[in-house]
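What the coordinates show
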Amino acid sequence: MKKTFTTKEIINKGLLAGAVVLSLSVIGFIALLAERELIKGWFSLGHIFLVASPFAFAYVTTRDMEYEGNAKPLQTGFIIGAVASIPLIVLSFLAVAIDIRQFLSNVSPALIELLTFGQTPVLGSILLLLLFGIIGVFAASFNIIPENIRHPLVNALVWTLGIATFSEILLSRVRSLLGRGLVKVIFSGKSLNPIFAIVFFAAVFGFTIWWDKRGDSFKEKLENLAPAKRKQLSQGQSILLMLVILFLPLILGSYLTEVANNVGIYILMGLGLNIVVGFAGLLDLGYVAFFAIGAYVMGVLTSEGALGLDAGFSFWTALPISVIVATLFGIVLGIPVLGMRGDYLAIVTLGFGEIIRVVAVSDLFKDTLGGAQGILQIPKPEFFGIELVQPGELYYVVLAGVLLAVFIATRLRDSRLGRQWMALREDEDVAEAMGMNLVSTKLMAFATGAAFSGLSGAIFASKLTSIFPHSFNLLISINVLSLIIVGGVGSIPGVFVGALVLVGLPELLREFAEYRLLIYGVLLIVMMLVKPEGLLPDQRKKRELKSEAELDWAEK
Amino acid sequence: MAMLEVNDIHTYYGNIHALKGISLTVEEGEIVTLIGANGAGKTTTLRTISGLLTPREGSISYLGKDIVGTPAHKLVYEKMAMVPEGRGVFAKLSVMENLEMGSYSRDDKDGIARDLERVFALFPRLKEREKQVAGTLSGGEQQMLATGRAMMASPRLLMLDEPSMGLAPVLVDAVFDAIVEINKEGTTILLVEQNALMALSIANRGYVLQTGQIVLHDDAAELKNNEMVQKAYLGMD
């Protein structure tokens, strides 16, 4: 739906964009991100977030604009950008005039320097206004330039900014894999070398143009291959993928492998919660309880400290017991909530999650669970006498768990039980009228979900070698639920994507940690508006949302 | 012995006494209808028979067995099927998936395939829309789907709750024709309807419910001519 905008509406959009960037500034987000320099001497991640809001507003407004008549998209973009700078200009003048940090403690001199480019307030303000205006024009131009230039441009921008953002991590990997010589060419300090950035940008740009032109004929060639050849090719691809997964720790190095392990722990939990929420449609907000139970059983059984049972349990014998105990608790929680639906179920499960944590922290079981001090000296897993200590070794334990869980989840989804869950999710009454036993169907969902989480908790305990009750708070449940939503409810590959985005990325962007919840909130809102079906949705879910859109259309 | 014998059942919603001693029988091969105004207890009677509600007093016997307290999902295996009020199709699943869910209680593949053919013969519209998402069907098509889905359990007794609700008159005719067809093929039918005229024109016998009690019971043709029924339910003076 294209529409025309009046000047007043355009100015309003600009002020809105300005309000967004102003709030990002006064909470200290921009100044913090400014510490991560992207391209040496040019700009930092703070600059990117500074211009992100005017860029987005200018882009969206000019995209929805009616181009007929006397509309001028570039001019509109400039106005939105320029207007967006006004709140920041006011802020920098205020900072000079009064002691603003009394009220807004995050408006630091560093932030003001960033906003005025180190110049005097007047000159700095003009520069900022011009910069924002140019950004607005730039954003608007994306709607005008032809697709065969836009696509390479977007690709080159995203890739260049991407590697620049993660340059510190990339630097250490390049150094250990490819040698110091290359490091000097690509990086300068901890950020990207400007010359390399330009070359890289141009290379991606050129490659995309070539690919867009040649890609079609290449794809045709691929499709014209004999079926046997094509099968070979796809087999080759899967073998390659397996090899990459198998040797991933060698490529990633120990820090990134540790991140991958954390992501893996969350993937395991996500796969389990995906069964409860995604397949069976039972909203469980206390999912961390089973994670905690798995971890505590592993801790109590194997700890070599004062609290351990000292009964000679190894990681491998304690692992199935942890899973079984978590499963039993899954059923125990399931029984009282059998008759509950929707919101009520969510509230009761939320309570259950808290009860488990409070019990663990209380003095009631201090002698066995250690109260607030937790359980220490949990041994790492052993494999034929080799203790798995390094992240690169533990990786394989996590990987085995994830592969097992993916296999089970996929098979369950396509089974008779999977169908029962699907019917249960759609309509409980009709499912019962079809001859399905709701009691066993629900309990199976809770039990299976709890088993996955218990497995995850057991591995977690052994990986960390010590557990504390405060690691099992509500936030973990929320995290797991969010990653399912972001990935796509009910989608197994979606769990992987969700975990990478919500667990992996914040780990790599340590600056974000403080603002993690803010980012989660914004991300979830944006997801619901832009892509409610998730990043990698389940086929059925996609069809459902599509059919709803068709319905809306039919009604109009 | 009758296929279904309901004897003096009392059903409560909490403290509300909804059914105050309902007795009725359904013989094999019949179409029996329950008619009555809103809130008379028609749906409650069906839900009690199908096991979704449990009566506090009274007995229900089906095929010679006492079924009070048997959960609803088990009764499906005893070849008793229900089409719930408001149709209740799985809105997000396709027509085919809905029908497959209907055959959940069975594992005879040949029989399922046969019944699927039968349903498609009865409702050719469903065959055309096999892959469509059920929520996008029209009201009449959804009623066909819900009925077809119940048939996939190959029931001996099929209970329908207000199949004409919210349908255009032309579709009401089609749905009732299908009910007669299903009955001819050997399925016994217990039909709850507000559209008393339609229901009585296809039924063998009818029961009239009023505030949780049966006030009248007769052959359908007799009921149609009954002065009180004509006045209260058929809108005649």
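Our structure's up above, just so we're on the same page.
With 22 residues of chain B in contact, the opposing surface of chain A contributes 20 residues. Buried surface at the junction of chain B and chain A, both sides included, amounts to about 2,200 Å², of which 62% is carbon and sulfur. Ranking the residues of chain B by area buried against chain A places B:His73, B:Lys92 and B:Tyr104 at the top, with a combined share of 32%. Our enumeration of links across chain B and chain A arrives at 2 salt bridges. One salt bridge connects B:Glu100 with A:Arg419, and the closest N-O pair in it is separated by 2.9 Å. Run the count over chain B and chain A and you get 4 residue pairs in polar contact (both at pLDDT 80 or more). Where the side of chain B that touches chain A is concerned, the elements lending two or more residues are helix H2 (72–77) and helix H3 (95–102) of chain B. Here the residues of the side of chain B that touches chain A sort into 11 nonpolar, 7 polar and 4 charged.

One way to see where empty space is left: roll a probe the size of a water molecule over the atoms. All names here are of chain A. In this structure, the second largest pocket encloses a volume near 920 Å³. Forming the boundary of the second largest pocket are 29 residues, of which Leu248, Leu252, Ala260, Val263 and Leu500 lie nearest the centre. Contributing elements (two or more residues each) for the lining of the second largest pocket: helix H7 (147–165), helix H8 (167–178), helix H12 (248–279), helix H17 (391–413) and helix H22 (492–508). It is H12 that provides the largest number of residues to the lining of the second largest pocket, a total of 8 residues.

In this section: the sheet that holds strand E10 (residues 213–219) of chain B. All names here are of chain B. Read across the sheet, 6 strands follow the order E6-E7-E8-E3-E9-E10 without closing on themselves; strand pairing throughout is mixed. A single partner strand is all that each edge strand has here, and the edge strands are strand E6 (80–83) and E10. Along the sheet, successive strands turn relative to each other by an average axial angle of 15°, direction set aside. As paired elements, strand E9 (residues 205–210) and E10 share 6 bridges and run antiparallel to each other. Bridging across to E10, Gly206 finds its partner in Asp218. Each of strand E3 (31–36), strand E7 (157–161) and strand E8 (188–193) touches helix H7 (residues 169–184); the most contacted strand, E8, lies at about 155° to it.

The rules behind each value
- Residues numbered from 1 in each chain as written.
- Chains lettered and ligands numbered in written order.
- Predicted model: local features only at pLDDT ≥ 70, side-chain atom pairs only at ≥ 80, totals over all residues.
- Heavy atoms only, no water.
- Contact = heavy atoms within 4.5 Å.
- Buried area = accessible area lost by both parts, 1.4 Å probe.
- Salt bridge = Lys/Arg side-chain N within 4 Å of Asp/Glu carboxyl O.
- Polar contact = N/O pair within 3.5 Å; in protein donor to acceptor, adjacent residues only side chain to side chain.
- Helix = DSSP H or I, 4+ residues; strand = E, 2+ residues; numbered from the N terminus.
- Nonpolar A, V, L, I, M, F, W, Y, C, P; charged D, E, K, R; others polar.
- 1 Å grid on protein atoms, 1.4 Å probe; cavity = no way out; pocket = protein on both sides within 12 Å on 5 of 7 lines; lining within 4 Å.
- Points joined across faces, edges and corners; volume = space filled by probe spheres on them.
- Pairing = 2+ DSSP bridges.
- Axes fitted to C-alpha atoms, helices over the stretch in contact; angles between N-to-C directions.

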